[in-house]
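# Structural overview for review
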Amino acid sequence: MLNGYKFRLYPSPEQEPILLQWIGCQRLIYNAKVQEDRYFRRFQRRMVGTVGEDIPVDQQYSRFITAKTAFLRQVPSPVLRNGAVRWRQAYQRFFQKLSGRPKMKRKSGRQSVWLTSELFEFRPIVDDTPGAVCGYHLHVGTDKFPVGIIPYVAHRPHAVPASIYLAIEGGQWWLSFAAEDLTVTIPGKEGDAATERIAEDLRHLSADQLAERTLGGDRGIAKPLMTSDGHVFDLLPVQQTRIQKARRQHRRWQRRAARRKKGSQNQKKAYRKVAHSPQYEKNVRHEYAHQTSHALVVHAAYDLYVFENLPIQQMTKRPKAKKDAQGHFLPNGRAAKAGLNRAILASAWGQVVMFTRYKARRRGKLVITVPPQHSSQECAECTFTAPDNRPSQAAFVCQRCGHRDNADHNAARVIKKRGIQKLLSGEPLTTSRKTTRIFRTLGPERSEVTPGETHIRRAPSKTDMHRSQNQELRGVIRETPTSTR
Ligand SMILES: [Zn+2]
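Residues numbered from 1 in each chain as written. Predicted model: local features only at pLDDT ≥ 70, side-chain atom pairs only at ≥ 80, totals over all residues. Heavy atoms only, no water.

### Concerning the coordination of the zinc ion
Think of it this way: four donors in a tetrahedron around the metal ideally sit 109.5 degrees apart, and six in an octahedron ideally sit 90 or 180 degrees apart. Stated formally: Keep in mind that water is not among the atoms, so a site may look incomplete; donors are the N, O and S atoms within 2.8 Å of the metal, or 3.2 Å for Na, K and Ca. Square planar and octahedral assignments, for four and six donors respectively, both demand that opposite donors be over 155 degrees apart and that all other angles lie between 65 and 115; tetrahedral needs four donors with all angles between 85 and 135 degrees, and anything else is irregular. Runs of E in the DSSP output that reach at least two residues are strands. Runs of H or I that reach at least four are helices, and both are numbered from the N terminus.
Distances from the zinc ion to its protein donors, namely C379 (SG), C382 (SG), C398 (SG) and C401 (SG), fall within the range 2.2 to 2.4 Å. Around the zinc ion sit four donor atoms; with metal-centred angles ranging over 106 to 112°, the donor geometry is tetrahedral. Along the chain, the residues that donate to the zinc ion are spaced as C-x2-C-x15-C-x2-C. With C382 in the loop between β15 (366–370) and β16 (395–397) and C401 in the loop between β16 and β17 (404–406), this pair connects stretches of sequence that are 19 residues apart.

Right under this line is the structure:
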């Protein structure tokens, strides 16, 4: 099973400008390919002579090295080629209808360079005991363009990958790659087959045993996660106050940057602050998601975890603009929706489930998702479903059997029950997937392109579902003004 790794990287002051140059040159080739493609498509439409001719979707880049761009010769050629390969891979995804056409890469935000095996080497550090590898030195560069050993902090053991990304974000350098997972306790279990095998084992249990070994989780705004055994997973109060403070700082530096003289050093300094300030919140959310998912999977009592299948991307979209008959814009609740979106994203819903999924797989446990419709209005005891069951945001009172509970706890129990039903019904546990081909460069051969297969999930497009979800959540926001901001 492949696993993603992301480690802090510490290039020296001499190495940093070289890496930045590599990043810039790779981006230039990528953007040149994007522009060339636009040019060809525009003229194909207008000019008779080129109609019917194929627009080149290739990996060639030598035509971009001219007298004006002679600086491109100062970086190793695989850096440039990988820029063209990245563009081609993006185009492949577009052809598979998995994304839009490749767009120009911007100079702001996270910047990265993709290095294939001819540009780096993990040399093992051998301990006193012969044969034992206790780590690696990362050598970057070629004979002609040496960069040297770049220190990185491997906070867990890893295998040697086929390619790596070196990235800078908010002033911090990162090393990231995908490699074989060394910590899988049950080897050989991979993909859908593994999911089905674990599910089959669980189906042999009796209904009572299965109910004991299943944990449902309800994700909400007021409480990011509540489980069916009554546990609440939330950020620490000190983290919440610090996040609020960091957000105020962020806005303050945005204002300062806007008022400073355009293009001045002082404005650049202010923008550097703007780039740094969201880092704290991001780190806290990331840590929360890792700690929560770890706490869930290490619990010896549970083998099956059930969450709602929330289409977070669709739920956090901008609201549509409203216009009156004369074409003037009307209020569309944009500010309120922005607050709601921020609250949804801040509770790290997606990350918690994603992390739980892979951590559970390592231990031979299973995570499944169930449809979210009306899970907060359904009674966990008698399945009676009505909006009246929720007299307030926090309370649940069943209008038929009188069952009283905390609303989130009730919802977690409903989700757990739906998960068990789904498992026993035998319907496919993995959502329909679209298969795409990923082209990656392997081995010392310069331009060998090896097709490999991977699975990409696409969120279901059920607009009605999202609407009801959003309406429900908006009700939450109105009743708990503290969570908006
Ligand atoms: Zn009831």
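So much for the structure itself; the text now carries on.
### What to know about the confidence of the model for the protein
The condition is simple: pLDDT runs from 0 to 100 and stands for how confident the predictor is about each residue. In this description, contact between two residues means that some pair of their heavy atoms is separated by no more than 4.5 Å.
A residue-level look at the protein finds 83% of positions with pLDDT of 70 or above and a mean pLDDT of 81. Within the protein, no element has a lower average pLDDT than strand β19 (residues 449–457), which sits at 39, and none a higher one than strand β2 (residues 111–116), at 95. Considering only residues more than four positions removed or in separate chains, one finds that residues 434–469, a stretch of pLDDT under 50, has 72 contacts. Of the regions scoring below 50 in pLDDT, residues 475–485 engages in 13 contacts with residues more than four places distant in sequence or in other chains.

### Section: unusual backbone geometry
Keep this limit in mind: Exposure classes here rest on a 1.4 Å probe applied to the protein chains alone. A residue is buried below 20% of its type maximum, exposed above 50%, and partly exposed in between.
In this model, K97 sits at a positive phi of 60°, which is unusual for a non-glycine residue. Relative to the assigned elements, K97 resides in the loop between α2 (77–95) and β2. Note on K97: relative accessible area 61%, which makes it exposed. Positive phi, normally seen in glycine, also occurs at T383, with a value near 60°. Note that T383 resides in the loop between β15 and β16.

### Some thoughts on the pairing of β2
Our working definition: What makes two strands pair is DSSP finding at least two bridges between them.
Of all the six residues making up β2, six are buried; the element is thus mostly covered by neighbouring parts of the structure. Of the two faces of β2, both are covered, the one formed by Q111, V113 and L115 as well as the one formed by S112, W114 and T116. In this sheet, strand β7 (residues 163–169) lies alongside β2 in antiparallel orientation, the contact comprising six bridges. Paired with T116 across the two strands is S163, which belongs to β7.

### Section: the sheet that holds strand β9 (residues 214–219)
Strand pairing in a sheet takes place through backbone hydrogen bonds and is either antiparallel or parallel in direction. Within the open sheet, the five strands sit side by side as β11-β10-β9-β12-β15. Their pairing is mixed. Edge positions in the open sheet fall to β11 (232–233) and β15, since each of these has one partner strand only. Of the strand pairs in this sheet, β9 and strand β10 (residues 225–227) are connected by three bridges, and their pairing is antiparallel. Each bridged residue has a counterpart across the sheet, and for D218 the counterpart in β10 is M226.

### Looking at the packing of aromatic side chains
Let me state the cut-off plainly: Paired rings are identified among Phe, Tyr and Trp, the last through its six-membered ring, by centres lying within 6.5 Å, and are further divided according to the angle between planes into stacked (under 30 degrees), edge-to-face (over 60) and tilted (the rest). By definition, being over a ring means that NZ of Lys or CZ of Arg is both within 6 Å of the ring centre and within 35 degrees of the ring normal.
Taken as a whole, this structure holds 15 aromatic pairs when the rule is applied. Considering the side-chain rings of F94 and F95, the 5.9 Å spacing of their centres and the 45° angle between planes classify their relative orientation as tilted. Among the aromatic residues, those joined into a ring-pair cluster are Y5, F7, F120, F122, Y136, Y152 and F177. Lying across the ring of W174, R8 places its NZ or CZ 5.4 Å from the centre. The residue whose ring lies beneath K105 is Y30, and the NZ or CZ to ring-centre distance is 4.4 Å.

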